[in-house]
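Tertiary structure, described
So the chains spell out like this:
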Amino acid sequence: AQSVSQHNHHVILSEAASLELGCNYSYGGTVNLFWYVQYPGQHLQLLLKYFSGDPLVKGIKGFEAEFIKSKFSFNLRKPSVQWSDTAEYFCAVNEDTGFQKLVFGTGTRLLVSP
Amino acid sequence: NAGVTQTPKFQVLKTGQSMTLQCAQDMNHNSMYWYRQDPGMGLRLIYYSASEGTTDKGEVPNGYNVSRLNKREFSLRLESAAPSQTSVYFCASSELRLSTDTQYFGPGTRLTVL
């Protein structure tokens, strides 16, 4: 069965620091990739997604992610974090079968100190 | 436009009790999903409904039943609650069930089974 690994469970950064959250998946075929975010007290929402084309995708709030097929990775990055980026971040993968069956990673809790 | 709503927000049950979690979406989406989120395990799919009138098992369906009442509503029922069902439950919807679709999530129901 497909699995998704997020190795960083908790990350603490100061404002203006750069962020990179790792995401690796196990499936060898074509995949669609997502990052979802849950801000404190809010719904889980889409940050960005990749399904074809340029492997560097940009999302909301200055986030971007790079799909590296050879490494089975889809790492999330932001050059300079803000206190408002404090949230839990989930990577999710869907085999490109035409049907949605998301497999989520365990999540990374990011705390940004002002 | 409320998006995806869930009731109740919190619930405490005793072992063996039954309850139904309600979910509704006002985005005219065809597909709806139920997930559970446990510490260190990410979100796991319980059941989904690709379209009105259809339901299918996800990764962890045991102990649950679902009903797609109409296009808007998708309920999750615990017939005889067990402590292992203590979790946070999320409902989600997507326009279709394509592997590239974005899912929109509700606020979650925090369930404790004593």
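Now for a look at the structure at hand. (Residues numbered from 1 in each chain as written. Chains lettered and ligands numbered in written order. Predicted model: local features only at pLDDT ≥ 70, side-chain atom pairs only at ≥ 80, totals over all residues. Heavy atoms only, no water.)

Tallying each qualifying case throughout the model produces 11 aromatic pairs over all chains. Seen from their ring centres, Tyr36 of chain A and Phe105 of chain B are 5.5 Å apart, and the 80° between their planes marks the pair as edge-to-face. Of the two residues, Tyr36 of chain A is situated in strand S5 (residues 31-38) and Phe105 of chain B in strand S10 (residues 104-105); the pairing between them involves two chains. By the burial criterion, Tyr36 of chain A is buried, and Phe105 of chain B matches it. With 5.6 Å between their ring centres and 45° between their planes, Phe63 of chain A and Tyr89 of chain A make a pair best called tilted. In this pair, Phe63 of chain A sits in the loop between strand S7 (56-58) and strand S8 (64-68) while Tyr89 of chain A sits in strand S10 (residues 87-95), placing the two residues 26 residues apart along the sequence. Overall, the relative accessible area of 1% leaves Phe63 of chain A in the buried class. Ring-pair connections join several aromatic residues into one group, and the members of that group are Phe34, Tyr36 and Phe104 of chain A together with Tyr33, Tyr35 and Phe105 of chain B. (Phe/Tyr/Trp six-rings, centres within 6.5 Å; stacked < 30°, edge-to-face > 60°. Helix = DSSP H or I, 4+ residues; strand = E, 2+ residues; numbered from the N terminus. Buried < 20%, exposed > 50% of the residue type's maximum accessible area, 1.4 Å probe, protein only.)

With that out of the way, let us pick up the interface of chain A and chain B. Across the contact, 23 residues belong to chain A and 19 residues belong to chain B. Buried area between chain A and chain B, summed over both chains or domains, comes out near 1,800 Å², and the portion from carbon and sulfur atoms is 53%. Among the residues of chain A in contact with chain B, His43, Gln100 and Phe104 of chain A are the three that bury the most area, contributing 34% of the side total. Our count for the contact surface shared by chain A and chain B stands at four residue pairs in polar contact (both at pLDDT 80 or more). Here the residues of the side of chain A that touches chain B are counted per class, giving nine nonpolar, nine polar and five charged. (Contact = heavy atoms within 4.5 Å. Buried area = accessible area lost by both parts, 1.4 Å probe. Polar contact = N/O pair within 3.5 Å; in protein donor to acceptor, adjacent residues only side chain to side chain. Nonpolar A, V, L, I, M, F, W, Y, C, P; charged D, E, K, R; others polar.)

Next up on the list: the sheet that holds strand S3 (residues 19-25) of chain B. Residue and element names in this part refer to chain B. The sheet built from four strands is open, its strands ordered S1-S3-S8-S7 with antiparallel pairing. Either end of the sheet is taken by a strand with one partner, and the two such strands are strand S1 (4-7) and strand S7 (64-68). The mean inter-strand angle of the sheet, taken between neighbouring strand axes irrespective of direction, is 20°. Bridge analysis of S3 against strand S8 (residues 74-78) gives three bridges, and the strand direction is antiparallel. Across the sheet, residue Thr20 finds its bridge partner in S8, namely Arg77. (Pairing = 2+ DSSP bridges. Axes fitted to C-alpha atoms, helices over the stretch in contact; angles between N-to-C directions.)

With 28 residues, the main nonpolar core has Leu33, Trp35, Leu47, Leu48, Phe74, Leu76 and Tyr89 of chain A as its most contacted residues. If you list the elements that add at least two residues to this core, you get strand S2 (10-14), strand S3 (19-21), S5, strand S6 (44-50), S8, strand S9 (73-78), S10 and strand S12 (108-113) of chain A. Among residues more than four places away in sequence, those in contact with Leu47 of chain A are Trp35, Tyr36, Val37, Tyr39, Gly59, Ile60, Phe63, Leu76 and Tyr89 of chain A. Judged by nonpolar contacts, the second largest core, of 20 residues, contains Met32, Ile46, Leu78 and Leu111 of chain B. (Core = buried A, V, L, I, M, F, W, Y, C linked by side-chain atoms within 4.5 Å.)

So yeah, pure geometry; function would need other evidence.
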